[in-house]
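# Examining the three-dimensional arrangement
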Amino acid sequence: MSEQPSPSRVAVVLGGSHTGMLAARALAGVADRVVVVERDRLPAGSEPRKGLPQARHVHQLWSGGARALEELLPGVTGRLRQAGAHRLPVTTDMVALSSKGWFRRWPESHFMLLCSRDLLDATVRGQVLSDPRVELLDGTEVLGLDGTDTAVTGVRIRTGDAERTLHAGLVIDATGRASRTPHWLAGLGLPVPERREVDAGLTYASRRFRAPEAVRGGFPVVNVQPDARTGQPGRGGVLLPIEDGQWLVTVYGTRGGEPSADADDFGRYAREELRHPLVADLIDRAEALTEVALTRTTANHRHYYERMPLWPENFAVLGDALAAFNPVYGHGMSVAAQGAVALRDVVRRRGWGTAGLSRRIQKAVARPVGAAWELAIGQDVFYPGATEHGPTLRDRIGAAYVERLMYTATGNGRVARRVTDVTSLERRAEVLLSPSVLLAAAVGPLKPALTEPPLTAEELKRAGLLQ
């Protein structure tokens, strides 16, 4: 059975998670009808979703992603805040131990939005699906693309035992890490795309805690980072304040230093394996609300679709289907939001159905990927076994400069701001190569190194760490 083409502009988005919903929103203003095809049955509210195990781990929206989200969905930031999400200034409300020491808590340069992934997805999904131009087909499997090596004309889908074809003027793959686009392109007679993977062998273990009552109104992010250059497994931990007075805590380790799913071992790992026991000290005084969720699907991988010599019309790839990042850096959702804005802008500027539109889309959505990709692999490539041949000369040169910047940022507020310009995805990495930043990096930090976490006496007291 085939659904006959309509004279209206129809877009089909494959995948109904964060990226897919934002892509649907981006296209709703330029298409007459947007159909979101999702394999799972999506929950009505902020309940956990079966096909999204990573939702149980720490997530954040850097301000670059939050601004893109607000541009696509005006008012969404306010709705998230009303539902309990936190807006924390960077680096004012960050207590972070880098490989080069504790960062100071400088005046606000950017910010983070923090809440559970379930709350974020439910809020975004509700706003997107309230648009009558967007239709959801959940519980529906994508079988493949229809078309040729020059143009995609639709997608084959199956709901229950019924198969049919959705004809479309534009198809967007937002199916995430499990994307089958390379296989689908091969089926159309196109070559295998260039791909790079950097897999540090990271394992994530996460639990939710009820924060002590005195800190439920707000507490800084705590981030104890590993050092990728020691030749040893990297071990780290993150504590994020989320809605309902809870802390979401993730500990993680690379090959040979992985945490376990044993609830009794969670606190021990945080205390004995991390470079500082602060996370363990905090959760010792909190109430565990969940068992441990464990995930090993954390590799960085990127498809360079924008470099392919041939690319079919009416098709583009976004989000984790294009580039997936080690989640410890918290960039995936922000990059997806910026990619959706780029998708919208290209279609608006070039016009629906114009020749070469999909290639222009693919190049545009690849741009937000660049900075996040370099930040992620710049560290992960140094872990044993992360790549087949180890770090390249370019990797080594780039990492050496970033390390110098991080060292300088521990005691130089201006350099710290430039670093957060990039980590928050507000500006491109080129700002780190300006003459003033290069000079500051050569000079080094202007203030002495901190020897203890930069928590105030009041914060220590409220958290139960100071009597």
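Because the structure is predicted, anything quoted here is derived from the model rather than measured. (Residues numbered from 1 in each chain as written. Predicted model: local features only at pLDDT ≥ 70, side-chain atom pairs only at ≥ 80, totals over all residues. Heavy atoms only, no water.)

## Section: the sheet that holds strand β5 (residues 86-90)
- Strand order in the open sheet formed by three strands is β4-β8-β5, and the pairing between neighbours is antiparallel. Each end of this open sheet is capped by a strand with a single partner; those strands are β4 (61-62) and β5.
- With two bridges connecting them, β4 and strand β8 (residues 110-114) associate as antiparallel partners. Its bridge partner being in β8, L61 is matched across the sheet by L113. (Pairing = 2+ DSSP bridges. Helix = DSSP H or I, 4+ residues; strand = E, 2+ residues; numbered from the N terminus.)

## Remarks on the pattern of salt bridges
- One pass over the structure, following the stated rule, counts 32 salt bridges.
- D138 is paired through a salt bridge with R41; the nearest N and O atoms lie 3.1 Å apart. Within this pair, whereas D138 is found in the loop between β9 (134-137) and β10 (141-147), its partner R41 is found in the loop between β3 (33-37) and β4, the two being separated by 97 residues in sequence.
- Here D138 falls in the buried class, since its relative accessible area comes to 18%.
- Between R158 and E163 there is a salt bridge, with its nearest N and O atoms 3.3 Å apart.
- Take R158: its relative accessible area is 28%, and that puts it in the partly exposed class.
- Here E163 falls in the partly exposed class, since its relative accessible area comes to 44%.
- Three or more residues are tied together by salt bridges with common partners; here these are R235, D265, R268, E272 and E273. (Salt bridge = Lys/Arg side-chain N within 4 Å of Asp/Glu carboxyl O. Buried < 20%, exposed > 50% of the residue type's maximum accessible area, 1.4 Å probe, protein only.)

## Overview of the environment of K363
- Structurally, K363 can be placed in helix α9 (residues 357-380).
- On the basis of relative accessible area, K363 is assigned to the partly exposed category, the value being 41%.
- For K363 and Y304, which are 59 residues apart along the polypeptide, the C-alpha to C-alpha distance reads 9.4 Å.

## Comments concerning the sheet that holds strand β14 (residues 195-198)
- The three strands lie next to each other as β14-β21-β23, forming an open sheet whose pairing is antiparallel. With partners counted over all chains shown, the strands left at the sheet margins are β14 and β23 (323-324), one partner each.
- Looking at chain direction, β14 and strand β21 (residues 300-303) are connected through four bridges and run antiparallel. For R196, the partnering residue across the bridge sits in β21 and is R302.
- Here α9 sits on the sheet in contact with β14, β21 and β23, set at roughly 145 degrees to β21. (Contact = heavy atoms within 4.5 Å. Axes fitted to C-alpha atoms, helices over the stretch in contact; angles between N-to-C directions.)

## Concerning helix α1 (residues 18-28)
- Among the 11 residues in α1, 10 count as buried, and that is most of the element.
- Those residues of α1 lying buried are H18, T19, G20, M21, L22, A23, A24, A26, L27 and A28.

## A short note on the pairing of strand β6 (residues 94-98)
- Taking burial as the measure, the five residues of β6 include five buried ones, the bulk of the element.
- On β6, burial covers both faces: M94, A96 and S98 on one face and V95 and L97 on the other are all buried.
- Alignment of β6 against strand β16 (residues 221-224), held across four bridges, turns out to be parallel. The residue bridging L97 from the neighbouring strand is V224, located in β16.
- By the bridge criterion, two bridges tie β6 to strand β7 (residues 101-102) in an arrangement that is antiparallel. Residue pairing for β7: S98 is matched across the bridge by G101.

## Observations regarding the packing of aromatic side chains
- Throughout the structure, instances matching the rule amount to five aromatic pairs.
- Between Y204 and Y252 the ring centres are 5.9 Å apart and the planes differ by 35 degrees, which places this aromatic pair in the tilted class. Here Y204, found in strand β15 (residues 203-210), pairs with Y252, found in strand β18 (residues 246-253); they are 48 residues apart in sequence, far enough to count as distant. There is no split in this pair, since Y204 and Y252 are both buried. (Phe/Tyr/Trp six-rings, centres within 6.5 Å; stacked < 30°, edge-to-face > 60°.)

## Looking at the side chain of T181
- Residue position: T181 is located in helix α5 (residues 181-187).
- Setting aside residues no more than four positions away along its own chain, T181 makes contact with D173, Y305, F315 and V317.

## Notes on the packing of helix α10 (residues 393-409) against helix α11 (residues 413-423)
- At a minimum axis separation of 8 Å, α10 and α11 run at an interaxial angle of 130 degrees. Our classification of the angle between α10 and α11 gives oblique. In this structure, α10 meets α11 at a crossing whose hand is left-handed. Here α10 contributes L405, M406, T408 and A409 to the contact with α11, which in turn contributes V415, A416 and V419.
- Per-class residue counts for the contact of α10 with α11 are six nonpolar, one polar and no charged. (Parallel < 35°, antiparallel > 145°, perpendicular 65-115°, else oblique. Left-handed = near helix turned anticlockwise from the far one by under 90°. Nonpolar A, V, L, I, M, F, W, Y, C, P; charged D, E, K, R; others polar.)

## Section: unusual backbone geometry
- A cis amide bond, omega 0 degrees, links V90 with the succeeding residue T91.
- Summarising the element assignment, T91 is placed in the loop between β5 and β6.
- The phi dihedral of D244 is positive, around 65 degrees, even though this residue is not glycine.
- Of note, D244 is situated in the loop between β17 (235-242) and β18.
- By relative accessible area, which is 54% here, D244 ends up exposed.
- Located in the positive-phi region is N314, a residue other than glycine, with phi close to 70 degrees.
- Considering the arrangement of structural elements, one finds N314 in the loop between β21 and β22 (315-317).

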